[in-house]
Amino acid sequence: MELNGAQILVQSLKDEGVEFLFGYPGGAVLHLYDALFHQQDIKHILVRHEQGATHAADGYARATGKPGVVLVTSGPGATNAVTGIATAHLDSIPLVVISGQVPTPVIGSDAFQEVDMVGITRPCVKHNFLVKDVTKLAETVKKAFHVATTGRPGPVVIDIPKDITDPSIKVPYKYPRKVSMRSYNPVVKGHRKQIKKAVDLLLSAKKPMIYSGGGVILGEAHKQLIEFTRLLGYPITNTLMGLGSYPATDKQFVGMLGMHGTYEANMSMHESDVIIAIGARFDDRVTGKLDEFCPYAKIIHIDVDPASIAKNVMVDVPIVGEVKPVLETMIEMINQDERRPDKKALAKWWEQITKWQALDSLAYDRNSDLIKPQYVIEQLYEVTKGNAFVTSDVGQHQMYAAQFYHFDKPRRWINSGGLGTMGFGLPAAIGVKLAHPKSDVACVTGEASIQMCIQELSTALQYKTPVKIVNLNNRYMGMVRQWQEFTYESRYSHSYMDTIPDFVQLAEAYGHVGMRIEKPEDVRSAFEEAFAMKDRTVFMDFMTDRTENVYPMIEAGKAHHEMRLRVPPGTPVDRELA
Amino acid sequence: MRHIISILIENESGALSRVAGLFSARGYNIESLTVAPTEDETLSRMTLVTWGDENIIEQITKQLNKLIDVVKLIDLAEAVHIERELMMIKIKTTDETREEIKRMSDIFRGKIIDVAANSYVVEITGPSDKLDAFISAIDEASIIEVVRSGPTGISRGENGLRL
């Protein structure tokens, strides 16, 4: 079969099984868009800004496990996509981003809409390609998908000069079934000797902790994680990226850890004697002060990326491999082992953890006349019965969602953890809704974040992706205000916006339903009404308490056991207030 | 500690900038970097001199290995190896100094490869500290120009860095 470059690209995407292509046309990709015009298999989603394309593809990828695919033009189209690429990179999300480039003969001449996309994206992709020969195009697409989805996943950019997609140049087409790259062979199975060492350590533990992250979700290992955790009976905490990898309503789950994790999760980490990190990377938001991180613990670390091991924290038993096969081997070894976890020590350990839990570090004032943001998330959880896909933007609302929406299943919690990209939530929600049209999708956001990609409300109308926007509107950049309150003596430097739009009118202008909710007693009914409107995007503008802060908190430079609590330990607790 | 890392890398455009970019993005030290194609035209061999404590060197090698274009690498400093660097040095000459420079060049087993009315170019090969020694043995004021290749290296014995 002879095809031109544009047709080759489209056919390669079809052969790769791509359902959705998130994109925005422009000069350098017009040949490609013309080829797309002649087919129905791949559904093109026209976003309103290229950042939205990458976030939507990213949301789709996080919710399905399949790679998200993006098509943007050269120059500004390409640079607009960069924030989304970096977002996917830091959270290891598989994306294939195709960018147009000026024709090969004028590359380097500062041509119209020319940027060095390969150069710009080099530090924020897993790999990138510049296609210089149309006969290599199909193979390059195959390689891109292979690299993006295997090992530690990540975004891959394919930069395609316009002459490569010239309709008049036809070459034989065959999509390669397999690809092998001599320089890229990710490790799958862990080393059995290392796994044995880990099992020995785990079975000798008195105060064990399981600390699991996004790698469990990316590696589809949640079932193995549940089996492993229940087999041992040890407490488990999840990172922000790992929420949903273990059921949050299970009794062995002690909540999220890290900067805004629960008191019990962080104290347990601090006091633990054996920690097993599973698909987690010891991010600074998790570890707090590195010198005092888990001072009494021997650490086991399972990660598919060798460079993640011993990067921030030295470990005692490193295991390089995919989480799923490693956990399977570990479960098998524990089952065959005669030794069992130390029941007595474990009972004592759980007794201690229960005491920490009794402090109720997430408590907030339930009798306020103002809408508390935590209450909104609790009601969202109840009305959606914990089954919604929840995307979020970045800030206080993100932490409230992480703390108060109890994710029992993987791929339901979709947020920008590593890069912390405001503007992520809405386009991501559109991507999720396309992947799961029958499921409830909520975007938890704030009045600052939502305005960073608000234009995608238009995309939501065009493709009928009825998502529910939960705007926790406190008229402040809440997290910035919180830090300014705690560390800058409440000097609220530029964290306040007094020209916030009327979101109800804005939503209606975009063709959606807008609701403003001002009283706590209206929160639940608003959700019930909104989620009953199955085919409408609803923008719910909750006017929340302006002064509410996210507790508990490990402030910058502090360790796990130095959490700032709403009610410091030792204070007589007035249950009415708490 | 100083480390000399030998890398086999795909001979593709941009491969060098991936390595250089990694060092600047992650704040690693880089003292010198040399690169040239090998007998297999699809591969380049790179020699990179860096320094740092054990943990940093471990991270550097892991991060380098993570680059998709990197096929294989070794840290030569981990075993016995040979290092060589090439230097060409242009030195001002006068009737009084010409003889002395020739003599010095002979001691260092250098070669005079260009002779002009008022200058010599001396070529010297050897470990980097030998080149340093030659530079300090020459009157600083007489040095017009120094060009060094940066060290390259190879392990001793029959094992080699190959596919």
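Residues numbered from 1 in each chain as written. Chains lettered and ligands numbered in written order. Predicted model: local features only at pLDDT ≥ 70, side-chain atom pairs only at ≥ 80, totals over all residues. Heavy atoms only, no water.

1. What to know about the interface of chain A and chain B
- Listed by partner, the interface residues are 18 residues for chain A and 19 residues for chain B.
- Contact with chain B buries surface across chain A, with A:Arg122, A:Arg182 and A:Ser183 losing the most and accounting together for 41% of the total.
- Taken together, chain A and chain B are joined by two salt bridges.
- Linking chain A with chain B are 10 residue pairs in polar contact (both at pLDDT 80 or more).
- A per-class count over the side of chain A that touches chain B returns eight nonpolar, three polar and seven charged. (Contact = heavy atoms within 4.5 Å. Buried area = accessible area lost by both parts, 1.4 Å probe. Salt bridge = Lys/Arg side-chain N within 4 Å of Asp/Glu carboxyl O. Polar contact = N/O pair within 3.5 Å; in protein donor to acceptor, adjacent residues only side chain to side chain. Nonpolar A, V, L, I, M, F, W, Y, C, P; charged D, E, K, R; others polar.)

2. Notes on the confidence of the model for chain B
- Of the residues in chain B, 100% have a pLDDT of 70 or more, and the chain-wide mean is 95.
- Scoring of the predicted complex yields 0.95 for pTM and 0.92 for ipTM. (pLDDT = per-residue confidence, 0-100.)

3. Some words on the nonpolar core
All names here are of chain A.
- Among the nonpolar cores identified, the biggest contains 100 residues, and Phe 228, Ile 278, Met 330, Val 470 and Phe 527 are the most heavily contacted of them.
- Sort the elements by how many residues they give to this core and helix α12 (residues 323-336) lands first, with seven residues.
- Apart from residues lying up to four places away in sequence, Phe 527 is in contact with Val 376, Gln 379, Leu 380, Val 383, Val 470, Met 540 and Phe 542.
- By size, the runner-up hydrophobic cluster in this structure holds 39 residues, among which are Ile 8, Leu 13, Val 29 and Ile 158. (Core = buried A, V, L, I, M, F, W, Y, C linked by side-chain atoms within 4.5 Å. Buried < 20%, exposed > 50% of the residue type's maximum accessible area, 1.4 Å probe, protein only. Helix = DSSP H or I, 4+ residues; strand = E, 2+ residues; numbered from the N terminus.)

4. Observations regarding the sheet that holds strand β2 (residues 32-37) of chain B
Residues and elements named next belong to chain B.
- The four strands are arranged β2-β3-β1-β4 in an open sheet whose pairing can be described as antiparallel. Lying at the two open borders of the sheet, with one neighbouring strand each, are β2 and β4 (70-75). Neighbour-to-neighbour, the strand axes of the sheet open up by a mean angle of 15 degrees, direction not taken into account.
- One ladder, built from six bridges, connects β2 with strand β3 (residues 43-51); its direction is antiparallel. Considered in β3, the bridge of Ser 32 is made with Val 49. (Pairing = 2+ DSSP bridges. Axes fitted to C-alpha atoms, helices over the stretch in contact; angles between N-to-C directions.)

5. Remarks on the environment of A:Phe542
Residues and elements named next belong to chain A.
- With respect to the helices, strands and loops of the structure, Phe 542 is situated in strand β20 (residues 538-543).
- Judged by relative accessible area, Phe 542 falls into the buried class, the value being 0%.
- Placed 442 residues apart in sequence, Phe 542 and Gly 100 show a C-alpha to C-alpha distance of 41 Å.
- Phe 542 has contacts with Val 376, Val 470, Asn 471, Leu 472, Asn 473, Ile 517, Val 523 and Phe 527, leaving out every residue within four places of it along the chain.

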